[in-house]
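# Coordinate inspection notes
Listed below are the residues making up each chain.
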Amino acid sequence: MKPVRCLLVDDEELALDVLEMYISRLPQLEVVARCLDVQNAIMVLQNEHVELVFLDIQMPGLTGMEWAGKLVGKTKVIFCTAYDEFALQGYEVNAVDYLLKPFSFERFEKAVDKALALIAGENRGVSMQEEELYLAIKSEGKMFRIKQKDVLYFHSLSNYYKVVTTEKKLIAYGSLSALESELPTGNFIRIHRSYLVAIDKIQAYSGSEVVINGEKLSVGRAFRASLDKLPQKNPRKKR
């Protein structure tokens, strides 16, 4: 299998050095070019076949987020940024993942694994919509494979959390914060210290509550600003 061809785009040389160092440890990837701004990246794409772009957001001229929204075809994007407020916009432009600087090699590798899975699926002629993502949940001494698309929300219960899906409820040991760090960025949003909900399952929301599957969940004061950043083109309306 040929290595996946990568383009690195960041206005800081040190950040590019870190990306290139991480990539050197993964034989599945190869660096095509490294660019300090989006304008140069556009020129590279005109002449080179690139499958995966590691992209900073805040850069002079055209921002990484603006450019990502214009990319078409099979080119995948992993955002690498120091700003967490753009995470929901990353979801809107279908980014594979959203890495917050400084990120570890382990976290970087997880993002790469997701990108490679998508690229491999497309190379097999399978659309992204058909790719099934599963969560492994240990409950009552058993391992359950839960389709991510079936999850409505997670509810923290001290040292445990409840997984609520369209079909069942499971109790698992662990913290909501640890779980959140393992989930794909942009698919879930924290609305309360006790609730982590699936964005695409939100039916309605206000400053005090979110409605999912007809159930009303409280919104914590510290998390209200996150709801204001939900993509406005989402067909579900704000109450």
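This is a predicted model, so every value here is computed, not measured.

Before going further, it helps to spend a moment on helix α1 (residues 13–24). Taking 1.5 Å as the rise per residue, α1 with 12 residues should run 16 Å; its terminal C-alpha atoms sit 16 Å apart, in good agreement. Regarding α1, the residues found buried are A15, L16, L19, Y22 and I23. Looking straight down α1, one finds its buried side chains confined to an arc of 125 degrees; they lie on one side. Counted as exposed and oriented over 90 degrees from the buried face of α1: L14 and S24.

Together, L157, Y160, I171 and Y173 give the surface a local cluster of nonpolar side chains, amounting to about 420 Å² of exposed area. Note that Y160 resides in strand β9 (residues 160–165).

Nonpolar side chains tend toward joint burial in soluble globular proteins. Grouped together as the largest cluster of nonpolar side chains are 24 residues, with contacts concentrated most on L29, L52, F54, I78 and F108. Among the elements of the structure, β1 (4–9), α1, β3 (52–55), β4 (76–81) and α5 (105–123) are those that each provide at least two residues to this core. A per-element tally of this core places α5 first, with 8 residues. Once residues within four sequence positions are removed from consideration, L52 is found in contact with V4, R5, C6, L7, L29, K76, V77, I78 and A115. One finds A41, M59, A68 and F79 within the second-largest nonpolar core, a separate group that totals 20 residues.

Rules used in this analysis
- Residues numbered from 1 in each chain as written.
- Predicted model: local features only at pLDDT ≥ 70, side-chain atom pairs only at ≥ 80, totals over all residues.
- Heavy atoms only, no water.
- Helix = DSSP H or I, 4+ residues; strand = E, 2+ residues; numbered from the N terminus.
- Expected span 1.5 Å × (residues − 1).
- Buried < 20%, exposed > 50% of the residue type's maximum accessible area, 1.4 Å probe, protein only.
- Arc of directions from axis to C-beta.
- Patch = residues over 30% accessible without salt bridge, like charges linked within 9 Å, V, L, I, M, F, W, Y side chains within 5 Å.
- Areas by Shrake-Rupley, 256 points an atom, 1.4 Å probe, with all protein chains shown as cover.
- Salt bridge = Lys/Arg side-chain N within 4 Å of Asp/Glu carboxyl O.
- Core = buried A, V, L, I, M, F, W, Y, C linked by side-chain atoms within 4.5 Å.
- Contact = heavy atoms within 4.5 Å.

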